[in-house]
Structure formats: structure tokens, C-alpha cells
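Listed below, chain by chain, are the residues.
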Amino acid sequence: MTDFHTFAAMSGYGMYVWPAYGLAVLAYGAVFIHALIKKDRLKKQQDEK
Amino acid sequence: MDCPYEGDIIMITRFANPARFERLAKILTPVFAVLSVLLLAFGLCDALLLSPPDYQQSDAVRIMYVHVPSAWMAMMIYASCGVAALMFIVWKHTLAELFLRAALPVGAVACALCLATGMLWGKPMWGAWWVWDARLTSVLVMMFLYIAIIALADAFDRPEQGGLAAAWLTLIGLVNLPVIKYSVEWWNTLHQPGSLSSMKRMADPALAAEMLRPLLVMGLGLMCYLALVIIIRMRTQILARKIANASGVR
Amino acid sequence: MNFYGFSHLPKARKGFLNRTLSPITLFMADLLTLTGVTITRGRKPLASDITCTLPAAGLLLLTGPNGSGKTSLLRAVAGLLDAQGSITRHANIHWLAAQPLSPSLETPRQYLTYQAALMGAGKLSWSADPFAIARVLDTPLNKLSTGWRQRVKLSRLLCAERTLWLLDEPTDGLDAGAVQALQALVKTHRDRGGGAIIATHDPQFWTDAQTLEMVVPA
Amino acid sequence: MMAVYRHFLRRMSRDRGLAAQGFAFFALSMMVCVFTIGSEDVLLTAILPGLAWALLLLSSLLGLGDLLEGEDLDDLILAHKSLPGLMAAKMAAHFTATGFVLALAGPLILFVILPAASLPVLCLWLGFMLGALSFSALGLLGAALTLGSRRNAALQALIVMPLCVPPLIFGAGALAAAQLDMGWHAPMAFLGAFACASLVLCPFAAAWIVRMKVTSS
């Protein structure tokens, strides 16, 4: 438990390090998911025809 | 006729054919998917757990492993867009336009992340979210250029014209970016010569091998990942054009 | 233009319609050849596979419903629109678009001087005035009616000497007198060996002309 | 070519309306800034010259909407003059209608507001002239790029402003250096170089873009 806490604390910089990684995961993930959703929607549109 | 460039032109048109691109993309998609999962998984572990904290910045240095790859990708995507723009203007390859439209928003996201993570790194290190440093300012200008190009590409009733205008602006930006970077650097040395040297040390520390490794792995992983995204986006656009052609709407 | 003996003609000529009526084409040859011309707008073909020639002193009417590509074909002939097939121009052209002049603060004199300068004709001098615009020459365009602005636009034909006239809906907004003046002007032009292509919905105004009936693509 | 330029200028300035508007915009913005910053001489001397540069850029964006739009581009393309030359005439018309007037009048406004001793006259005028020239050249490029688009004005600002960063930095840098009694010739030389390069290149690029846009439509 303490191991996890020290890891999460990032020697006091946790409030900067984790948002940085969080933002990156969110933004890059969103780009990927957005691309997939758009593709699926078009695929469906094509299949309907 | 004896044309020394014939081979090159054939090479270019070979891959500029959307059907051939589809075939290539079908092979590349799984390759990039697997590579990016492996590299990013290992890179994240390495960046967060295995690599040592910096002796000066301690664990805050771990922001570097998302910040620097984002900066690389923002620049690399802009450079490749510049090449695509040139190809589109000179040869009018549809695929070049597709690449531009697919890659620019991705590059803008990378650029925005570079700025955001940079701010998150700057606050604990320099005590300020934003410093008017040469490097930061020129990346900010690049961000605005990305936004301008994307806005321009979508601002026309006729999409071909949007693509053409966007290609031109990309090319002009490609010429102008070094000028901007240079002017900003020059401006900065006039006003605050102190911060530049210290900033340089922070941005390019003489990296130890244990820190260089996660950086490179993350960089490569991000490159594969974004290449995957761009390929998916390009295929989506090809699909959209096919549907538009089939329904007779231009 | 050297081939047709234009070079010895001075570029700017004072009131050329009054002074000389020398032939402007020395060889009675074709002014324009279209071979298999196809125009696509977006991905939709507009005019497909058009082949025709315009002889010296010829008049070609482009007729057809809206959207059949009359304007696009004229623009392609003028070199303002990319087209497939071959378009060979043996003459210099005069292009008059269908859009009416914008009602700006400019006077017709200023506008025509500008047009003459743009077409490399040097200073404008008015000795021929078929459209009777002399009395409005210094009235700003925004004070003129549409019909008068159209007359001013047509007067551009006198600003510089060109062999092939491309006129898009030239009779729009004209009264009977002005239409007659235009007919007379085109006739004089043709008598001297010049040619014209006119896109129009009123083919009855023109006699002794070839007609190209354009159709709306399916 | 003079007749063509005069026509462009008439179209641009709508019988000197644009120049007056640009001047009024410049002066009014200056006044608003003084009201918000406060009227202490030290503060104004430090801030206003740099601000004048920013306002010069903003006011030279004013005339861009009408620069190519509404003009009959067909006539320009078919003209018996080179299209880059005509584009250069457009650029010159834009400069005379907006930048030139402001480059003359802007420093005058500063002289009125600020203590005269603190202002480097030559640097101010030269910089404003060269800066306004480069803004007009880049503005022409922006107008060519946005030709035929929707939501024109905002887009033009978005495109032109990032491109205008170098002349802005060089010009404001020269001014700041001159105010501090440091050498301002180097930044001014850079500004001149940028102005020359953009004056030569932008008409060609704009001509290419305009021709491509018209003929491919």
C-alpha cells in the first residue's frame, strides 16, 4: 500500500505528472476512437445501400 | 523519351493510387497496431516505473516521456504534411489531399498535447505555466498554423478548393516556420537571455541511457500509433468519397 | 498572333470602328477548333465530347437550358476553366461574363479606362459609342440602372481590339435599341473577319449563325 | 499599369473611406488602451510603441475582405499583363489605402501622446513603413487563400496573423532596442529583408493560387 502511495505521489510531483499522462491518454485515445466511430458509421451507410 | 525522373514519378504514382493504397493499408494496419501496443505498453512501464528519477527534477522528469514524443510528432506530421502539400500542388494526387486532411487534425492534437504537457512540466520546474521562451512561442505559432490550415480546409463549399488552399497554406507555413522560430529565438535573446540557457539545459539534458531508452520507445510507439490513426482516417475518407460518388453527390 | 499578320497593327487605335474597317484576319482561316472537349464540374460531366470549329467571320450560338454548361464551355474556350480534349485558339479573345457590373462608386469612364489598360490598349478614346453611354460616362455605376450598367459592360468590346468575342448572355437587361446596337456591332465585327460565340436564351436575335444546342447531363 | 493601380485603389479605398476608417480604428484603439492602462507617462512610454505595432497589424487586416473578393478575377487572368504584376498592384493598393496612412499617422499619434524625447523617430517611421509593407504582402496571400470561402474575415485574420509574427517581432524588437538606446540596426535589417522577400514572393504565390482557384472551379 505504501509502495503504491509513494508511486502515486511521484515524490511530490504527482499532481503534475498524472494529469500529463491522463491528458495524453485521453486526447490520443479520443483521436483513435473518433476515427473508428466515423469509419463504422460510414461502413453502415455503405451497407445500407 | 529519356527522362531521368521517370522512375521516381512511377514510384510516386504507384502509391498515389487509392486502390493500391487500400491494399498497402490492409497490411500496414495490423503491423502498426501490434507495434504500437507493444511499444507503448513497454514504454509506459519504462517511463513510469523502470527509469530512474532525475537527480535534479526527481519524478517530474517523467512528463518528458509524453511531452517530447508529442513535440516530435507535431513537427514530423507538419513536415510530412508539407511534403504531401507539395505533391498535391504539383501532381494533384488525390491521396496527398487525403493525407493532408487525415493528418492535420492528428498533428494539431499532438501539438496541443505538447503545449499542455509542457505547461504541466513548466509549473513545478520554472514556477510558471507559461514562459515566453523561444521554443514555446514558436510551437504556439505552429499550433495556430495548424488551426488556421484546418479551418481553411473546411471553409469552402467545394472541397477540392479547400484542399488546395490548405495545401498552399501548409507549404507557406513550412517555409515560414523556420523564419518564425528564428525570429522568436532572436527576440527572446534580446529580452531575457537568462532563461534561454537554463531552459536549453532543461529541454536537452545530457540524457542517461536509462532515460533515453523510454523516450525513444515512447517516441516510436507514438509514431506507430498516430500512423495507425492516420491510416484509418484516410481509409474512412476514401470510403466517404466512394459513397458520395455512388450516390451521385459531388 | 503573328501568324495572322496582327503584328503590324498598332495596339491602341483611336476609335477604330470609325476610322478604319480593315480586315482583322488576313487569312480567312478558322478562329477556333474544339476537338472532343469535355468539362467536368466536381465529378459531374457537364459538356461532353464537343467538337466544332469556328471559321473566320463565324458566329456560334450556345443554347440550352440552365445548367447545361453554356457558361462553362465559354469559360473553357477563354482558358478560364480546365477542360479535357483540345481547344485550339487561333485568335485573341474578348471575354464578357454574364454577371452584371457591380454597382460601385466608379464612373463608367474610370471603369473603361481600367479595362483598356488591363487589355493593353493604352489610353481610351471615345469616338464610337454604339451604346450611347456618353451622357452617363461620369455618373457613378451605383447610380445607373441595370440596363445602363449592361451597356457600359458591352462598351468594353470597344476598349481593345480582339478577334474572337465570347459573350455570355449579352442581351440580358437590354432594351430593343441596345439590342439592335449590339447586333450591328457584332455584324461590323464579323464583316471584318472577327468571330463570336454567344451563349444566349434568345437565339432569335441572331441570324446567320451556327447553333450548338447543349443538354443537361443525365 | 498606373490606371490599373488607380482602379484597384478606388475599389479598395471606396473613395478614401477605408483609409479614414483604418486611421479611426487605430486612433480609437489607442485611446481605449490608454483608458485601460492608465495615463502615467512611464507606463505609456513602455507599452504604447509596442502596442502601436500590434494595432498596425490589426488595422491592416481591415481591408483584406475586399482585396480580391468582388473583383472580376476573370479579367485579371485574361489581361495582357502578368498576373503577378497585377497582384503586386493589388498589394500596392492595399498598402496605400491602409498601411501607408497608418505608418505616417501612427508615429504622429505617438508623438502627441508620449514625451517626444523618449521616441526614436527614424526607427519608428522606418519600421512602420517596412512592417506595413510586409503585412500588405502577407495579407494579399491570405486574401488569395481564402478566395471563394465562407466566413472570410475571421479566416483571413486566423491565417495572416501567425504568418505576420516575424515582421512583428523584428519591428517591435528594433523599437524596443532603440528606446533603450541600444543598436537597432540589426533587427531593422532583418525586418527589411523580410519585407523585401515577402514583397517579391507573395505576388507570385498569390497569382498562382488565384489562377489555380479560378481555373479549377
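What you are looking at is a predicted structure, and each value in this text was computed from that prediction instead of being measured. (Residues numbered from 1 in each chain as written. Chains lettered and ligands numbered in written order. Predicted model: local features only at pLDDT ≥ 70, side-chain atom pairs only at ≥ 80, totals over all residues. Heavy atoms only, no water.)

Draft legend 1. The arrangement of the overall build of chain B in detail. Along chain B, the regular secondary structure elements total eight helices and zero strands. Across chain B, helices and strands are ordered from the amino to the carboxyl terminus as α-α-α-α-α-α-α-α. Here chain B holds 250 residues, and the buried ones make up 52% of them. Pairs at least 24 residues apart make up 80% of the contacts formed inside chain B by residues separated by at least 6 positions. (Helix = DSSP H or I, 4+ residues; strand = E, 2+ residues; numbered from the N terminus. Buried < 20%, exposed > 50% of the residue type's maximum accessible area, 1.4 Å probe, protein only. Contact = heavy atoms within 4.5 Å.)

Draft legend 2. Layout of helix α1 (residues 2–13) of chain D. The terminal C-alpha atoms of α1(D), which comprises twelve residues, lie 16 Å apart, in line with the 16 Å expected from a rise of 1.5 Å per residue. Taken together, the buried positions of α1(D) are A3(D), V4(D), Y5(D), H7(D), F8(D), R11(D), M12(D) and S13(D). (Expected span 1.5 Å × (residues − 1).)

Draft legend 3. Representation of the interface of chain B and chain A within the structure. On the side of chain A, 27 residues touch chain B, which itself brings 37 residues to the contact. Along the contact surface separating chain B from chain A lie zero salt bridges. Taken together, the links from chain B to chain A amount to three residue pairs in polar contact (both at pLDDT 80 or more). At 13 residues, helix α8 (residues 209–247) of chain B tops the list of elements feeding residues into the side of chain B that touches chain A. When grouped by side-chain class, the residues that make up the side of chain B that touches chain A number 26 nonpolar, six polar and five charged. (Salt bridge = Lys/Arg side-chain N within 4 Å of Asp/Glu carboxyl O. Polar contact = N/O pair within 3.5 Å; in protein donor to acceptor, adjacent residues only side chain to side chain. Nonpolar A, V, L, I, M, F, W, Y, C, P; charged D, E, K, R; others polar.)

Draft legend 4. Region of the structure containing the interface of chain C and chain D. Taken together, the contact between chain C and chain D spans 24 residues of the former and 22 residues of the latter. Carbon and sulfur atoms make up 54% of the surface buried where chain C meets chain D, a total of about 1900 Å² over both sides. Three residues, L80(C), Y114(C) and L118(C), lead the burial of chain C against chain D; their summed loss comes to 32% of the area buried on that side. Counting across the chain C and chain D interface gives four salt bridges. Put simply, E106(C) and R11(D) hold a salt bridge, and the shortest N to O gap is 3.8 Å. Counting residues per element, the ones that place at least two in the side of chain C that touches chain D are α2 (70–78), β5 (93–96) and α3 (108–118) of chain C. Here the element with the most residues in the side of chain C that touches chain D is α3(C); it accounts for six residues. Its residues placed into classes, the side of chain C that touches chain D shows twelve nonpolar, six polar and six charged. (Buried area = accessible area lost by both parts, 1.4 Å probe.)

Draft legend 5. Region of interest: the side chain of T107(C). Counting through the fold element by element, T107(C) comes out in the loop between β5 and α3. Non-local contacts of T107(C), meaning those with residues more than four positions away in its chain, are made with L137(C), D138(C), T139(C) and P140(C).

Draft legend 6. Main features of the pairing of strand β3 (residues 59–63) of chain C. Residues and elements named next belong to chain C. Of all five residues that make up β3, five are buried, and the element is covered over most of its length. Of the two faces of β3, the one holding L59, L61 and T63 and the one holding L60 and L62 are both buried throughout. Note: β3 against strand β7 (residues 195–199), four bridges, orientation parallel. The residue bridging L61 from the neighbouring strand is I198, located in β7. Bridge count between β3 and strand β8 (residues 210–213): four bridges; the pairing is parallel. For L62, the partnering residue across the bridge sits in β8 and is L212. (Pairing = 2+ DSSP bridges.)

Draft legend 7. The packing of helix α6 (residues 121–145) of chain D against helix α8 (residues 165–179) of chain D, seen in detail. Residues and elements named next belong to chain D. The N-to-C vectors of α6 and α8 enclose an angle of 175 degrees; their axes lie 10 Å apart at closest approach. One way to sum up the angle between α6 and α8 is to call them roughly antiparallel. Where α6 approaches α8, its residues C123, L124, S134 and F135 are matched on the opposing element by P167, L168, A174, L175 and A178. (Axes fitted to C-alpha atoms, helices over the stretch in contact; angles between N-to-C directions. Parallel < 35°, antiparallel > 145°, perpendicular 65-115°, else oblique.)

Draft legend 8. Focus on a nonpolar patch on the surface. All names here are of chain B. A surface patch of nonpolar side chains, amounting to about 370 Å² of accessible area, comprises W72, M75, L212 and L216. Broken down by secondary-structure element, the contributors of at least two residues to the nonpolar patch are α3 (64–91) and α8. By secondary structure assignment, the location of L216 is in helix α8. A residue is classified by how much of its surface remains accessible, and L216, at 44% relative accessible area, is partly exposed. (Patch = residues over 30% accessible without salt bridge, like charges linked within 9 Å, V, L, I, M, F, W, Y side chains within 5 Å. Areas by Shrake-Rupley, 256 points an atom, 1.4 Å probe, with all protein chains shown as cover.)

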